[in-house]
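Chain residues, written in single-letter form:
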Amino acid sequence: MTQKTRRGASYDDVITAPNDKIAEMLGGDLYLSPRPTIPHARVLSALGSDLHDAFDRGRSGPGGWWILHEPEIHLSGDVLVPDLAGWRRERLPRLPDAAAFELSPDWICEVLSSSTEMFDRNQKMPRYALAGVAHLWIVDLRARRLEIYARSGSELARLEIHAGETVVSAPPFDGVAIDLSRVWS
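Numbering of residues begins from 1 in every chain and follows the order in which that chain's sequence is written. Under the rules for a predicted model, residues below a pLDDT of 70 receive no local features and side-chain atom pairs below 80 are neither given nor counted, while totals for whole chains, interfaces and linings still include all residues. Working from all heavy atoms in the structure, the side-chain values ignore hydrogens and water.

Enquirer: Before we go on, may I ask you to explain the pattern of salt bridges in this structure?
Expert: Opposite charge on two side chains permits them to pair, given that their charged atoms come into close proximity. Definition used for salt bridges: Asp or Glu carboxyl oxygen within 4 Å of a side-chain nitrogen of Lys or Arg. Applying the stated criterion across every chain yields a total of 17 salt bridges. In this structure, Asp-140 engages Arg-145 in a salt bridge whose closest nitrogen and oxygen atoms are separated by 3.2 Å. Here Asp-140 falls in the buried class, since its relative accessible area comes to 5%. Using a 1.4 Å probe on the protein chains alone, a residue whose accessible area is under 20% of its type maximum counts as buried, one over 50% counts as exposed, and one in between counts as partly exposed. Owing to a relative accessible area of 24%, Arg-145 belongs among the partly exposed residues under this scheme. The shortest N-O distance in the salt bridge between Glu-165 and Arg-144 comes to 3.2 Å. Here the residue Glu-165 occupies a position in the loop between strand E11 (155-163) and strand E12 (167-168), and Arg-144 occupies one in the loop between strand E9 (135-140) and strand E10 (145-152), the gap between them amounting to 21 residues. Via salt bridges that share partners, Glu-117, Arg-121, Asp-140, Arg-142, Arg-145 and Glu-147 belong to a single interconnected network. The numbering of helices and of strands both runs from the N terminus, where a helix is a DSSP run of H or I of at least 4 residues and a strand a run of E of at least 2.

Next up, the structure:
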């Protein structure tokens, strides 16, 4: 379970967190989450592979993106670590030579687990909207569901839900079809 472990935290608390935890900081509070389970990691690998090939490398897709697994992102004093994130190369022509990004991503994907769902939905999602993230995907592994959100004003509004063994083409990556049966396997 994601736990708030310290109020008035600093970045030193993030970098000295236990290695078996993902440390994030929101509103000055330190949150620790367990490392992803193997099924969670498998979903990330499958989905990340499809998107990376088509949009980061430009193989069998249009390219034009940087797609990264668990990048550290600093947003106005907060430290967030989404499961996957992507930046359009027109906004970020080169990857920084740094430990963290200071530019908000154009797209984020969070894979829910029983230990992180409330934190991802109730804490991180509003922060992503506030930071101007244009697109958010929520993957619910247990329900085998992909939820697609897009920025609408100051919020991320749900556009679509895809469930089961379907083939999906969803914004901002609607140039490539993703076979969800491959993602769930």
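Enquirer: Would you mind showing me how to read the layout of surface pockets here?
Expert: Of the grid points, spaced at 1 Å and generated over the protein atoms alone, those admitting a 1.4 Å probe that cannot get out make up cavities, while open sets with protein on both sides within 12 Å along at least five of seven lines make up pockets; any residue with an atom within 4 Å of a point is treated as lining. Grid points are joined across faces, edges and corners, and a volume is the space filled by probe spheres set on the points. The computed volume of the largest pocket comes to approximately 260 Å³. The wall of the largest pocket is formed by Val-14, Ile-15, Ala-17, Pro-18, Asn-19, Lys-21, Ile-22, Ala-23, Arg-35, Glu-70, Glu-72 and Val-81. Within the residue set of the lining of the largest pocket, elements represented by two or more residues are helix H1 (11-15) and strand E2 (21-26). Looking at the lining of the largest pocket, the element that brings in the most residues is E2, giving three residues.

Enquirer: I keep staring at the environment of Asp-13 and nothing clicks. Help me out?
Expert: Secondary-structure assignment places Asp-13 in helix H1. Owing to a relative accessible area of 14%, Asp-13 belongs among the buried residues under this scheme. Every residue pair with non-hydrogen atoms within 4.5 Å of one another is taken to be in contact. When sequence neighbours within four positions are dropped, the list of residues in contact with Asp-13 reads Arg-6 and Leu-30. At 2.9 Å, the side chain of Asp-13 and the backbone nitrogen of Ser-10 are in polar contact. Counting of polar contacts relies on pairs of N or O atoms within 3.5 Å, with two restrictions inside protein: one atom must be capable of donating a hydrogen and the other of accepting it, and residues adjacent in sequence are counted only when both atoms are side-chain atoms.

Enquirer: When you look at the nonpolar core in this model, what are you seeing that I'm missing?
Expert: As a rule of thumb, soluble globular proteins bury nonpolar side chains together. Here, nonpolar core refers to any group of buried Ala, Val, Leu, Ile, Met, Phe, Trp, Tyr and Cys residues whose side-chain atoms link them within 4.5 Å. Counting 24 residues, the largest nonpolar core has Leu-47, Leu-51, Trp-107, Trp-137, Val-139 and Phe-173 as its most contacted members. Of all the elements in the fold, those that place two or more residues in this core are helix H2 (38-56), strand E4 (65-69), strand E8 (107-112), E9, E10 and helix H4 (180-184). Counting residues per element, this core draws most heavily on H2, which supplies six residues.

Enquirer: Could you clarify how one ought to interpret the confidence of the model for the protein chain in this entry?
Expert: Detailed reading of the predicted coordinates is not advisable wherever pLDDT is low. A score from 0 to 100, pLDDT tells how confident the predictor is in each residue. Taken residue by residue, the protein chain gives an average pLDDT of 94. The fraction at 70 or more is 100%. Mean pLDDT in the protein chain bottoms out at strand E1 (residues 3-6), which sits at 80, and peaks at strand E7 (residues 84-88), which reaches 98.

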